Amino acid sequence: QSGTYTLLTSVGSCTATQSATVQLYDDTYRPSLSTNGSPVLCSGQRLTLTTPKRPETAMSWERDGVTLTDRNQNFLVTTQPGSYILREMVSACESNQLFTSNPLVVSRIESASALLSGNQVLNYDSTAYLTVELTGQPPFSLTLSDGTAYSVVNGPTLRHPVRPKQTTSYTLRE
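First, a word on what this report is: a plain description of the structure on this page. From a predicted model like this one, the values you see are computed outputs, not experimental measurements.

## Focus on the sheet that holds strand E12 (residues 113–117)
At step 1: In spatial order, the strands read E12-E13-E16; together these three strands make up an open sheet with antiparallel pairing. The open sheet has two edge strands, E12 and strand E16 (157–162), and neither has a second partner. For this sheet the average axis-to-axis angle between neighbouring strands, irrespective of direction, equals 25 degrees.
At step 2: Pairing analysis gives five bridges linking E12 to strand E13 (residues 128–135), with the strands arranged antiparallel. Within E13, the position partnered with leucine 115 by the bridge is glutamate 133.

In structure tokens:
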């Protein structure tokens, strides 16, 4: 059983104590991984992966099956998406046992961008359509310079109808 054990030795009037901590690992043990927030990275963001530090273990981190250079630490700071696992080698009683965590998947939200296009000659009181090409991960929020706001656009293309009364330029605002 796991725990701290103490040995009391007495010889005459002299006594001595010695303690040892025992940690048992069975075949169902898996190291646990956690993050300092959501496992979703925004551009330029760092994420810290952690696991509890255990005595008598050597740790190695992997991303997408490749061993990383940050070895034998109970934390890993990353800016890269991927599937992370931790391998713990427990050395005790002249035998080594390797335990592997469940994967923790870190994803990245790509920065969104929008390109406004459309150049038409119209008759008075006619309708034209401006096209906005969107890249990145939806949903998107955007506002045209005429004040028209779109709060959720799930596709890569938006068509915006306009009926200008005079020659007009349209731009996107951040």
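## Quick look at the packing of aromatic side chains
Remark: the centre distance and the inter-plane angle together describe each pair of aromatic rings, the angle taken between the planes.
At step 1: As enumerated under the stated definition, the model contains zero aromatic pairs in all.
At step 2: Positioned above the aromatic ring of tyrosine 129 is the side chain of arginine 159, whose terminal nitrogen or guanidinium carbon lies 4.3 Å from the ring centre.

## As for the pairing of E16
At step 1: A one-sided burial pattern is seen for E16, the buried positions being Leu158, His160 and Val162 and the unburied ones Thr157, Arg159 and Pro161.
At step 2: Examined bridge by bridge, E13 and E16 share six bridges and lie antiparallel to one another. Directly across from threonine 131, in E16, lies its bridge partner arginine 159.

Cut-offs and rules
- Residues numbered from 1 in each chain as written.
- Predicted model: local features only at pLDDT ≥ 70, side-chain atom pairs only at ≥ 80, totals over all residues.
- Heavy atoms only, no water.
- Pairing = 2+ DSSP bridges.
- Helix = DSSP H or I, 4+ residues; strand = E, 2+ residues; numbered from the N terminus.
- Axes fitted to C-alpha atoms, helices over the stretch in contact; angles between N-to-C directions.
- Phe/Tyr/Trp six-rings, centres within 6.5 Å; stacked < 30°, edge-to-face > 60°.
- Lys NZ or Arg CZ within 6 Å of the ring centre and 35° of its normal.
- Buried < 20%, exposed > 50% of the residue type's maximum accessible area, 1.4 Å probe, protein only.

In short, shape yes, function no, at least from these values alone.
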